[in-house]
Amino acid sequence: TQSTRPQRLLGAVKKNATRGDPRSVVKAIDQFCRQKEWAMNVGDEKGCILDSVVSELNPATVLELGTYCGYSTVRIASMLPPHAKLITLEFNPDYAAVARQVIAWAGLEDKVQLVEGASGDLIPKMSEQFEVETFDLVFLDHWKDRYLPDTKLMEECGLLKKGSVLLADNVICPGTPEYLEYVRASPRYESQYFRSHLEYTKVEDGLEKSVFLG
Ligand SMILES: Cc1ncnc2c1ncn2[C@@H]1O[C@H](/C=C/CNC(=O)c2cc(-c3ccc(F)cc3)cc(O)c2O)[C@@H](O)[C@H]1O
Ligand SMILES: [Mg+2]
């Protein structure tokens, strides 16, 4: 049977990255996507913006919506302080299986909890099932029409506190117009756009950083 692109991406990680070295895993995926096959990872250019937001925030609890192959999971988890936790949600079992191996290759299993399921179902269960009160950082990178409903759901479930940061990928391409309008118009958020490019291309894209004001 034919391999899938995520499986070929995993093969490139195992071939070119060093076990236990997250930066080499990130580099191997970026190289694979530049030289072999494009894939929808946040990529190296937007990834540097992601890194700067994480290092500035130094979050203890992180939620990622949409694991895909685990590229941004590895980028974020590799920068977390010792007892910090990253919960990442992924509803495609094939992608989840690849991501688990990418995260393991990077040696970051202890910092990451990959939960299989739909964000809309799992977000209301966060506090009781995953022992999380609030998230310091949420990285949104799943289906673009889920950014807004899931943000409202996180508000309703009390998962955001004053100072919590939402960082959203692809606000220009493919675009998340309803989400963008909401966080920019709402008095409960202070939003900032970081202009960049769609991963591995010259097309404009960017990240929107929105601080929850409580
Ligand atoms: C509600 C729910 N719950 C749990 N997991 C969920 C979920 N909704 C989706 N997922 C999961 O997350 C990933 C999906 C990511 C969607 N990302 C994009 O569509 C995307 C697309 C581009 C792109 C840009 C220009 C083009 F020409 C083509 C594609 C770039 C990107 O960076 C993207 O992120 C994928 O792993 C999916 O299973
Ligand atoms: Mg994306």
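Bear in mind that the values here come from a model prediction, so they are computed numbers and not experimental data.

1. So, unusual backbone geometry
- Note the cis peptide between C173 and P174, where omega equals 5°.
- Tracing the backbone through its elements, the reader meets P174 in helix α9 (residues 171-175).
- The phi dihedral of E131 falls on the positive side, at around 50°, and the residue is not glycine.
- Tracing the backbone shows E131 in the loop between α7 (126-130) and β4 (137-140).
- Phi at Y200 takes a positive value of approximately 65°, unusual for a residue other than glycine.
- For Y200, the position within the fold is in the loop between β6 (189-197) and β7 (204-212).

2. Digging into the confidence of the model for the protein chain
- Of all residues in the protein chain, 100% attain a pLDDT of 70 or more, and the chain-wide mean is 98.
- For this predicted complex, the interface score ipTM comes out at 0.99, alongside a pTM of 0.99.

3. As for the site of ligand 1
- Taken together, the neighbourhood of ligand 1 is formed by 23 residues, with E90, D141, K144, N170 and E199 sitting nearest.
- The side chain of D169 places a nitrogen or oxygen atom 3.2 Å from an oxygen atom of ligand 1.
- If ligand 1 stood free it would expose 760 Å²; the protein chains cover 83% of that surface.
- Mapped by element, the contributors of at least two residues to the shell around ligand 1 are β2 (85-90) and α9.
- When the residues that make up the shell around ligand 1 are grouped by side-chain class, the tally is eleven nonpolar, six polar and six charged.

4. Details of helix α10 (residues 177-185)
- Taken residue by residue, α10 has Y179, L180 and V183 as its buried positions. Projection of α10 onto a plane perpendicular to its axis shows the buried side chains occupying an angular sector of 95°, all on one side. In α10, the exposed residues that point more than 90 degrees away from the buried face are P177, E181 and A185.
- Buried residues belonging to α10 abut β4, α8 (147-156), β5 (165-168), α9, β6 and β7.

5. Details of a nonpolar patch on the surface
- Side chains of W38, M40, F91 and W143 sit close together on the surface and give an oily, nonpolar patch of about 440 Å² of accessible area.
- W38 gets classed as partly exposed once you look at its relative accessible area, which sits at 35%.

Rules and cut-offs
- Residues numbered from 1 in each chain as written.
- Chains lettered and ligands numbered in written order.
- Predicted model: local features only at pLDDT ≥ 70, side-chain atom pairs only at ≥ 80, totals over all residues.
- Heavy atoms only, no water.
- Helix = DSSP H or I, 4+ residues; strand = E, 2+ residues; numbered from the N terminus.
- pLDDT = per-residue confidence, 0-100.
- Near = heavy atom within 4 Å.
- Polar contact = N/O pair within 3.5 Å; in protein donor to acceptor, adjacent residues only side chain to side chain.
- Areas by Shrake-Rupley, 256 points an atom, 1.4 Å probe, with all protein chains shown as cover.
- Nonpolar A, V, L, I, M, F, W, Y, C, P; charged D, E, K, R; others polar.
- Buried < 20%, exposed > 50% of the residue type's maximum accessible area, 1.4 Å probe, protein only.
- Arc of directions from axis to C-beta.
- Contact = heavy atoms within 4.5 Å.
- Patch = residues over 30% accessible without salt bridge, like charges linked within 9 Å, V, L, I, M, F, W, Y side chains within 5 Å.
- Salt bridge = Lys/Arg side-chain N within 4 Å of Asp/Glu carboxyl O.

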